[in-house]
Every structure is written in C-alpha cells, then in structure tokens.
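Per-entry structural report
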Amino acid sequence: MSRIRVGLEIHLQLNTQHKLFCNCPDPQAGQGRVEFRRVLRATAGELGTLDPAAEFEMRKNVVIDYVSEEGTSCLVEADEEPPHPLNEEALRTAIITANIFQSDIMDEIHVMRKTVIDGSNTAGFQRTAVVALGGAFGYKGTSVGVQSICLEEDAARLIERTAAGPKYDLDRLGIPLVEIALEPVEMKSEDVQSMAESLGRTLKLTGLFASGLGTIRQDVNVSVGESGIVEVKGVQKLETISKVISYEQGRQLWLVELAEILKQRGVSEKDFEGEPLDITDTLGEGLKGNLRAFCLRAPGFSGLLKRETVKDGRLGKDLADISRFMGFNGVIHSDELPAYNIDEAAMERISAAMNIRDGDAYIILKGEREAAISCLKSLRARLMMALRGPPSETRMAMADGSTRFLRPRPGSSRMYPETDIPTTVVSETMKREFSLQIKDWDQTVKEFMEKYQLSRDLAVNILDSDYLNWFTEAMERYDMPPSIVATTLTEVAIMLRREGLGQLQRDSVFEVFDLLNKGSIGKEAIAEILRISLKDGLSVKESIKRLGLTGISTDDLRTIISEELEKLKGMDNKKAYGILMGRVMERVRGKIDGSIVNEEVRRKLGI
Amino acid sequence: MNTIDFKPGDLVRIKVKSQSYEGLVMPRTQYEGPEHITIKLKNGYNIGLSLNRILESSVIKRGDEAKGSEATVIPSEGGQVHGDILLLSTGGTIASRVDYRTGAVKPAFSSKELAALIPELGSIASFSIRSLMSVLSENIRPSDWTMIAKAVQEAFLAGFRGVVIAHGTDTMHYTAAALSFALENPPGPVVLVGSQRSSDRPSSDAATNLIGAFKFASSSRSRGVFIAMHSGLSDDSIAIHLGVRVRKNHTSRRNAFHSVNRRPVAYIKGLTLNENTVIGGKGEFIVRPNFDDRAALVKFFPGMKGSYFKFLVDEGIKAIIIEGGGLGHVSEDLIQPITEGIKKGVFFGMTSQCIWGSVNLNVYETGRDLLSAGVVPLGDMLSEVALAKSMWVLGNGLNATGQMPLDLRGEVTGRRWLSVEQD
C-alpha cells in the first residue's frame, strides 16, 4: 500500500473588535443594504506565467453579485476604498499564537495579495501575511512540525450560485483569520483527526478565537505515494476529517491504478492529438440558438470514465465538475451511453465521425462554439494528466466526507505585494511580551468539573462546544444549576441539530434562560420551547403560548396543590406525597420549576 | 558574522536562531528601513528579517541586476499609426503588469499586449497606442495640456476617428476642461479615461473604463472632450461625462466622477452605447493649445485675510478664480483688496464652493458690492473649469472679462433641471 501523507491547515476566526483592514463591524449601523455586480480579470501581463488557478478561473467569464449591509461591511469590503493599516489586535493574537508553538516570528510583516478570482474576494485577491515560520506542536508524545502561521482575511460568504454566477455577502469578508499549517504527517486518518481536535482544544482555551459554527475550518492536504498534493478545502467539522482522508486515499489510489491501466493499454500523450469536432449534424438533434454539440476523443479510456472505488470518485464526475465550473451543465461521456437521446445508431455515427477505435471513449459537450471548444481543451488536459496519476488540485469537502473538484492548485505566481499597506515591524519586545501561558486540557476539564459541579462528559462536551462562551456568560448572569445550562447547550443543541433544525439562536436561548432563572418556566420545557421556536420561526413568547406554557405564580401553584390535596383527603401525608406530586406536576409541567413544586408540596404536607 | 552582500534578485539562504530560510532578495522601498531584508519565499510570500538576527547567510545564485521600480517610458510603436482609435498614454497605470521577480509595476504596452489583456478592445475598434509622457496626474502642468492638445490634433490629422487619453484621475477633470477649450469642434470624440483601482489588481476598473471609452470614441457622433468612468458600484455601466461639466467627487470610489448640473452625455452598458444627446455641431476644427499658468484658484474661508489677494497680485497672477460661499460671497473686508487687484488689471471671477448650482451676486448686499467692484460672476461654471479656462484665455490673448462668462463649450448652463439630482 502506498504511503499517505496528510498536512493540516487550520483556520481560526479571531475574536477581535474589528476586521483586519477596516473598522467593521458597527453594531450601531442601520440596515442599509446595497447590491452590486462585478467582473474580475486575471492581472499578470506575462500571460505565460499567470497563476494556473487564476488562469483556469479566467477561462470562464462570470459576473459576480455582492450584497453589502451597513452593519457588517463598508467601502473597504466593496473594494471602493484602500485597506486601512493592519489591525494591531489581530497581529498581537497571531504573535501570541506563534509563541504557543515556539514558531520563529518574522521581524517585518509583509502583507501579500493572493490572487483568488472566484469572486469570494471583491479585490480579486485575499490579503495574507506570514507572521511566523517553523515551530512544533506536541501531540501524544510526538512532535508535529508547524510550517507557518499566517494572518489573513476571511473571504466573502457565498449565498447562492446560479447559472449567471455566484452571489456573496460581504459580512464575513475581512474578518481576521489565523492560519496554522502543519508539516505533512504519515498517520492513520483517525489519528490526524484527533490531533486536529487536540490542536483545536489548545487554541480554544486561549480565548483569543471566535466560537460558533464556521469559525474554525480545516483544509486537509492529502497525497498518496509520489503523486501531487490534493488540497481539500472547507472541512467545517472535525468529525469529517478522517472521512475526507479515507475518501481521498481511495479516490487517489484508483487514479494511480488508472494510470497503470492506461500504460498497459499503451496510451501516450501523442494519442491526444486532434481537435474537438462539431458533431451537431451527426447527432441529428435540434439544438437551440447558437448551441452546438462538440466531441472530444478520449484515447484508451473506454470503461474507465465510469469506474469508481469510492462514491462519485470517478473521472467522469471530475470532467463534469470541470465543465460546470466553466459554466456548462456537465458532459456526456461514452461510458454512460446509450442514454440522453443518443441511441446505438447515433453512437455508431459518432464513432465513425470521430475515428473512435476499440478501447477509446469520447466526451460530448453542448454549448457555444468558442466556449465549448475551450472547455473541451481543459478536459483533454485533465485526461492527459491521468497518465501520471492523481494531479495536484484543489477540491472541496462535502458534508459526507467526499470531495469534489474545485480548481487546479495555485502556485507561487499568484502572490503579489499589497502595496496599499505599509510593512509592520515586529520588535523583539513585542515578540517577548505578546505571549500567553497555555492551559492544559485535562487540567481545564478538571477545574470545570469542580467549579460547575459537572460530570466529566458534560464538562468535556461544553468545553468542546461552539457555545462555550454562551455557557460562561449565562453562568455570570444567572444563578442557575450549571448542568441545566450545559445540557441545553450540548445535548439539546445536538438533538435539535439532528432533527434538522439548525443552530440555536442566541437571543432565544438567553430569553429562555431568563425565564427559567425567574422560575417562570420549568427546565422540562426548555427543549420544547427551543424546538417550536426554531421549527416555526416563532419568538420565545409565541412558542410558550403555543405550548400552553404561560407560567404560573407560586400563589396559583398553592391553589392547585390545595385543590389536588382536597381530592386525596384522608390519605396519609407521606403516602399522599408521591401521588400529589404526580397530579400537581401533570397540571403545571413546564410552567413552573419542578423543585418549587416539590418544595411547596412538602410544605403543604408538612414533611 | 553577517557580512551582508545581497542584491535584489539574488537567491539566498539565511540562517537565524531556530530556522533557515531560502528565497529571492527583493528590492525595498525608500520608506522601508535598511535594518531589514525582504525575502520572497518559494511559496511566493514575502517576509522581512532583521539583519541583526542573521547568524549565517550565503548566496545560492546571483540574480540579474534588478530593475528599478521606476516606471519605464512606454515606447511608441515605430511612429506608424493606423486604426480607428489612438490611445494616448500620459502615465498612470491604466494597463500595467508586474515584474514578479522585483515586485515593481511596469506599464505594459503595445496595442497587441493591451489587446491581449483586454480582448474586448480589439472587437470594438482597431487602435494604436502612443506614449506621450509618463507623469503622475498630480504632476501634470498646463504646458502638458498643450502637448496633449497638439497630440490630439495630430491624431485627427492622421485620420483617427477618435482619441482616448489614459490619465491619472486626480487632475483628470482639469485636463478635460483645458482640452475642451484648446480643441474647438474636434472631428470626433476625445475621451479621457482613468482608473480608481490600479490595474495590477483583478478588480481594477481600468479595463471596463477603457472598454467604455473605446466604445464611445469609436461609435458616438459627438464631437468634443469627455471623461469615461464608472457610473456606479457595478462594472456594468460606464458614464460619459462632458469634459467641462465633470468633477472628481470621491477619493476612492469607482464612480468618483460626477456630472454636475447636467446628466452624463451617455452610458455604455456592457458593449452597448446609450446616448442621451449628441454633442457638437458642424463647425471647423480649431486648435488653440496655449495656456498661461499665471492664474489661481482661491477658496474663500471664514477668517481669510485680504493680504492673500495682495500677495497673489504682487506675484504677477493675472486671473483669480474665487470659490465663494453659497451664491458667490466673500467677507466684506475682502472687497477692498479685490477692488485694488482689479484696478491693477487682474481678472477676478466668482464661482461657488457649493459645487451644485449657480452663483448669483444680486441677491445679497455683499454680492452687489463684489459686482460693483468688477468681479465677474461665472454662473454655474465649475471652479476647476473656470481656472483652466482662464489659463487658456490668458494663453491665447483673449479678453478675460469678455470671454470668461460666455458659454463656449457647455461650461455655463442656462437652465438647471429639477430632475438632475446631486446624488
């Protein structure tokens, strides 16, 4: 079995007051919403050395729509104003992070522009700077090398992608991120995942980073044997890391095998000569407007385009994704024929027209001439790469751990100095002073258990949770049993998420805590209220009303107890306790805390 | 010891306490101190290292002598001119490319290179490029206006249909006004164009502005001088402003240029030209390219001293354009020194610092005092336009008091419509 090497890149959003290069967000701002539309172009004059990823993106001509709102973005995000100087608070955090890993902090920070022309950055580049290089992270007695620690700006948030192009919200653009890139390791996928968990916990305990879903993202670089590095972007959940690694391993091993098969079939680069041909008339299919059908021969690929060893890990899928990326609706390849209105007779005609021999496959693409031919040339380039095994590329992680082609892997020619931002000098004093004693995880769990009287499981869960800061905030604000708050933010949150109801809403959660704290609702009602509120988009008050849970006063409770006790007249008080509790709770469940009921019942019974 | 003998372009290896770095030595700007060295790592990132921290260093490979960061002057294309459009370059970075090795920006320029960068240009019109000068727009002088005006004249004589002038944006509206006066009835459109985002970034507005300028210059029937720039936040609409009715109103936005007291002449949406009106008539093409820079633009402010005017007059200034408050007022203690200046033969013209609207010296007493002193109200002429016009009037031996208030090129609008907003 070929050895597999995995490199992790962890991106953490910083908890800074402002974005990296401007003074957003502004909590006071109104709702002013503006939409606009842009086109990005690759910039280098020397087209020969244009960055491969940028050049690839350039082949499609998409317009990009943006949404800006006053509270979260300003002229800087819209690329209508030069960036402000580097956020010092963010730099401080990055230096502290570098010190955690004994990384060599640079004496000067040079902000660079990294070309990204998929529209996720209005400027056409992401601003990024190396803060430190080298260092190490201790994991289970071994030392994992740190490659680099960078400070960068987060990209805009994709809202939707239509045939016309992508649409982004600028709210996330410019939020400072620290990127920690680890040296590639040869470890089992589960170990890589638990290493990532351990690293994440160490960083979380610093309190320097934002929490919540999407505030920490992993890129996973996987390479099998001698082949190129595949960079898988956007692994949002820790649990997916090992799945992604296993998936990539399976997918790449198949591509290694594919190269071997092609070699056995005697396929070489010269077999790819010959231009794509217009086969519209051969197909005999009426196409609308300027649309034509074009065909590309795939020498020796018969049967290989549809073969897969992991779900969707077939080459045909990648070809379709490349075409989609370039604005087409996918491709048809001969491995899936007859289908799509192409019958055996049409296949024979195509084979004759394209000079298809035994063992060859072919690819059909419909579109306007120039664009379609340009796209088929990209597909031909991808087919040729198959002779050499898995190519170096950037892929996107799906929720189930599978990956999809995104773009070729960018090279160093996409870096350009950010001339609008002066170089920042980091003095030896700054390097020394910006440091932090890091906390030990086990020790922190122990302290948490003691401080809040929590079980180990609950303590670990809340410490790992995206809602840790809500927990500590609630503990400061209310005098409530910590276990109730912790359970709400972990077990209840997970349960509701599994029910497909998404994330907890901060305002609702705190409103519920508020009511609970006042004794207006019982802890039994928490999950129900949050469920109804998320499911039907109701406010907490509306949810309570819907559930018939309007709280009752202690006086009302006493009346109910008296009424129920009346019905049990003559019974021994100790015997009556259980029955009375049951009957009263039936009437007041969720409307008042159970412990108050207990207390009142006992007092009434004098026990 | 660290005997540092690196030149930009050298591939070096540098050892500090815990790490060793390999990369290209990069040139540093004059504002980056000599205590550090900039290294471009293999992955393209630049880092800065303190020379004090370097324990060991060695040159792996000497580089070529690094090119300076000065912009090289763009060569003309062998004097041969052909095509529909002449693109005159005055400097700035409307189409530049980067030397990745040195990090410096250098202008890209042959029509072929530009057409490769912006393929749409070739589909709009055939064109040639002439590099006239390489000057930042803040350094443009009235003598440069003369040079540009003559170059435009030559272009039309050589048979070009239109002329596009690439210009830095800071003073583009001054140049547009100056050319408007210097070039009377040009045979075709003369379009100034710039960019608010430099062309070394993918989001630059240079390409779309150039496309708009080319479209207008090659297909409009208008004759005159114009500015082509973004009309909004989006890349899908370019506004064509009349050269004497336009102003830069924002420091950084793409749509910094606004037509004042009138609508833009046209818009280009995508590759489609939508003209509101056709500018210019059938008159003869007359070029009067001279400018006399003995004119000044003075903004009135509370507390302004009369001695400022005296200073200007003593310096030999022949025309003073005042940006007055509101309808065209200055404080009453300034009337005396202005009167003295007028007596010495200096022209005083009144514009408003309000930008929108017209001056009117009849409404208040101060206005009437200014009028009787001999100050000439210039209607709704923009102050920058009035300045350029006064230099042109002086430069061509025309009578300032007679010519300045006249509407020669659309610089004075008789009617201002409610429907034209100030946005």
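Bear in mind that the values here come from a model prediction, so they are computed numbers and not experimental data.

1. Let's talk about the overall build of chain A
Across its full length, chain A carries 19 helices and 22 strands. For chain A, the spread of C-alpha atoms along the three principal axes comes to 100 × 65 × 55 Å. By the burial criterion, 54% of the 607 residues in chain A qualify as buried. By element, 48% of the accessible surface of chain A is carried by carbon and sulfur atoms, the whole surface being about 27200 Å². A gap of 4 Å separates the mean positions of the 80 positive and 94 negative side-chain charges of chain A.

2. Things to note about the overall build of chain B
The number of helices and strands found in chain B is ten helices and 23 strands. In chain B, the share of contacts with a sequence separation of at least 24, taken over all contacts with a separation of at least 6, comes to 69%. Entry remark: accessible area of chain B is about 18200 Å², with carbon and sulfur atoms responsible for 50%.

3. As for a negative patch on the surface
A contiguous patch of negative charge, built from B:Glu332, B:Asp333, B:Glu365 and B:Asp369, is present on the exposed surface. Residue placement: B:Asp369 occurs in helix H8 (residues 365-373).

4. Section: the environment of B:Glu365
With respect to the secondary-structure elements, B:Glu365 resides in helix H8. The exposed category is assigned to B:Glu365, whose relative accessible area is 63%.

5. Observations concerning the nonpolar core
Residue and element names in this part refer to chain B. Among the nonpolar cores identified, the biggest contains 85 residues, and Leu88, Val152, Val164, Ile165, Phe214 and Phe216 are the most heavily contacted of them. Shared between two domains, this core takes at least three residues from each, and those domains are domain 2 (70-287) and domain 3 (295-403). Phe214 has contacts with Ile85, Leu87, Leu121, Ile124, Phe127 and Val164, leaving out every residue within four places of it along the chain.

6. Observations regarding a positive patch on the surface
Taken together, the side chains of A:Lys237, A:Lys243, A:Arg497 and A:Arg498 make up a positively charged region of the molecular surface. As for its position among the elements, A:Lys243 is in helix H4 (residues 241-264).

7. Here we look at the domain arrangement of chain A
Taken domain by domain, chain A comprises domain 1 (4-229 + 410-417), domain 2 (263-392), domain 3 (441-547) and domain 4 (554-605). Summarising the inter-unit geometry, the C-alpha centres of domain 2 of chain A and domain 4 of chain A are found 77 Å apart.

8. Brief notes about the pairing of strand S12 (residues 189-193) of chain B
Residue and element names in this part refer to chain B. Counting buried residues in S12 gives five out of five residues, a clear majority hidden from the surface. Here S12 shows a buried face lined by Pro189, Val191 and Val193 and a second buried face lined by Val190 and Leu192. Strand direction decides the pairing type here: strand S10 (residues 162-166) and S12, joined by four bridges, are parallel. Note on S12: the bridge partner recorded for Ala166 is Val193. The β-α-β motif built from S12, the intervening helix H5 (residues 206-219) and the parallel element strand S13 (residues 224-230) has left-handed crossover chirality.

9. Re the domain arrangement of chain B
Residue and element names in this part refer to chain B. For chain B, the domain assignment lists domain 1 (11-64), domain 2 (70-287) and domain 3 (295-403). Listed as interface residues are 17 residues of domain 2 and, on the opposing side, 14 residues of domain 3. Taking both sides of the interface into account, the surface hidden between domain 2 and domain 3 amounts to around 1400 Å²; carbon and sulfur atoms contribute 66%. Taken together, domain 2 and domain 3 are joined by two salt bridges.

10. What to know about the packing of helix H3 (residues 189-204) of chain A against H4(A)
All names here are of chain A. Close contact between H3 and H4 brings their axes to 8 Å; oriented N to C, the two are set at 145°. The element H3 and its partner H4 pack so that their crossing is right-handed. Contacts from Ser189, Glu190, Val192, Gln193 and Ala196 of H3 reach H4 at Ile241, Ser242, Ile245 and Ser246.

11. A look at helix H11 (residues 456-464) of chain A
Within H11(A), burial applies to A:Leu458, A:Ala459, A:Val460, A:Ile462 and A:Leu463. Considering only its buried residues, H11(A) is in contact with H3, helix H10 (441-452), helix H12 (468-477) and helix H13 (482-498) of chain A.

12. Here we look at the interface of chain B and chain A
Taken together, the 46 residues of chain B in the interface contact 52 residues of chain A. Taking both partners together, chain B and chain A bury about 4000 Å²; carbon and sulfur atoms supply 51% of that area. Where chain B meets chain A, there are seven salt bridges. Inspection of the region where chain B meets chain A yields 22 residue pairs in polar contact (both at pLDDT 80 or more). Of the residues that constitute the side of chain B that touches chain A, the class distribution is 17 nonpolar, 15 polar and 14 charged.

13. Brief notes about the sheet that holds strand S16 (residues 292-298) of chain A
Strand pairing in a sheet takes place through backbone hydrogen bonds and is either antiparallel or parallel in direction. Residue and element names in this part refer to chain A. Overall, antiparallel pairing links the four strands, which are arranged S15-S16-S18-S17 in an open sheet. At either margin of the open sheet sits one strand with a lone partner, and together these are strand S15 (277-278) and strand S17 (332-333). Relative to strand S18 (residues 361-367), S16 runs antiparallel, the two being bridged by seven bridges. Directly across from Arg292, in S18, lies its bridge partner Gly367.

14. As for the pattern of salt bridges
Under the definition given, this model contains 75 salt bridges over all chains. With its nearest N and O atoms 3.5 Å apart, the salt bridge here joins A:Arg5 to A:Glu186. Within this pair, whereas A:Arg5 is found in strand S1 (residues 4-13), its partner A:Glu186 is found in the loop between strand S12 (176-182) and H3, the two being separated by 181 residues in sequence. On the accessibility criterion, A:Glu186 (47% relative accessible area) is partly exposed. Here A:Arg127 makes a salt bridge to A:Glu153, at a shortest N to O gap of 3.6 Å. A residue pair is termed long-range when its members are at least 10 positions apart, and A:Arg127 in strand S7 (residues 125-133) and A:Glu153 in strand S9 (residues 142-153) qualify at 26 residues. The two residues A:Arg127 and A:Glu153 agree in class, both being buried. Here the salt bridges do not stand alone but share partners, grouping A:Arg38, A:Asp79, A:Glu80, A:Arg113, A:Arg127, A:Glu153, A:Glu418, A:Asp420, B:Arg201 and B:Arg254 into one network.

15. Regarding the side chain of A:Asp154
Residues and elements named next belong to chain A. As for its placement among the helices and strands, Asp154 is situated in the loop between S9 and strand S10 (157-162). Its relative accessible area of 1% is what places Asp154 among the buried residues. At 2.7 Å, the side chain of Asp154 and the side chain of Arg217 are in polar contact. Those residues in contact with Asp154 that lie beyond four places of it in its chain are Gln13, Arg172, Leu173, Gly174, Ile175, Leu177 and Arg217.

16. Description of helix H6 (residues 306-314) of chain B
All names here are of chain B. Where H6 is concerned, the buried positions are Gly306, Phe309, Leu312 and Val313. Along H6, the residues classed as buried sweep out an arc of 120° about the axis, all on the same side. Turned more than 90 degrees away from the buried face of H6, the exposed residues are Phe311 and Asp314. Residues of H6 that are buried in the fold lie against strand S20 (295-299), strand S21 (319-324), helix H7 (335-343) and strand S22 (347-352). Positive phi shows up at Gly316, right after H6, with a value of about 95°.

17. Details of the packing of aromatic side chains
Summed over the entire model, instances satisfying the criterion amount to 17 aromatic pairs over all chains. Consider the rings of B:Phe127 and B:Phe214, whose centres lie 5.1 Å apart with planes at 90°: the pair is edge-to-face. Note that B:Phe127 is positioned in strand S9 (residues 127-131) and B:Phe214 in helix H5, a separation of 87 residues in sequence. Each member of the pair, B:Phe127 as well as B:Phe214, carries the same accessibility label: buried. Every member of this aromatic cluster is reached through a ring pair, and the members are A:Tyr467, A:Trp470, A:Phe510 and A:Phe513.

Cut-offs used in this document
Residues numbered from 1 in each chain as written. Chains lettered and ligands numbered in written order. Predicted model: local features only at pLDDT ≥ 70, side-chain atom pairs only at ≥ 80, totals over all residues. Heavy atoms only, no water. Helix = DSSP H or I, 4+ residues; strand = E, 2+ residues; numbered from the N terminus. Buried < 20%, exposed > 50% of the residue type's maximum accessible area, 1.4 Å probe, protein only. Areas by Shrake-Rupley, 256 points an atom, 1.4 Å probe, with all protein chains shown as cover. Lys, Arg positive; Asp, Glu negative; His and termini not counted. Charge placed at Lys NZ, Arg CZ, Asp CG, Glu CD. Contact = heavy atoms within 4.5 Å. Patch = residues over 30% accessible without salt bridge, like charges linked within 9 Å, V, L, I, M, F, W, Y side chains within 5 Å. Salt bridge = Lys/Arg side-chain N within 4 Å of Asp/Glu carboxyl O. Core = buried A, V, L, I, M, F, W, Y, C linked by side-chain atoms within 4.5 Å. Domains from an automatic or database assignment. Pairing = 2+ DSSP bridges. Right-handed = clockwise from strand over helix to strand, strands pointing away. Buried area = accessible area lost by both parts, 1.4 Å probe. Axes fitted to C-alpha atoms, helices over the stretch in contact; angles between N-to-C directions. Left-handed = near helix turned anticlockwise from the far one by under 90°. Polar contact = N/O pair within 3.5 Å; in protein donor to acceptor, adjacent residues only side chain to side chain. Nonpolar A, V, L, I, M, F, W, Y, C, P; charged D, E, K, R; others polar. Arc of directions from axis to C-beta. Phe/Tyr/Trp six-rings, centres within 6.5 Å; stacked < 30°, edge-to-face > 60°.

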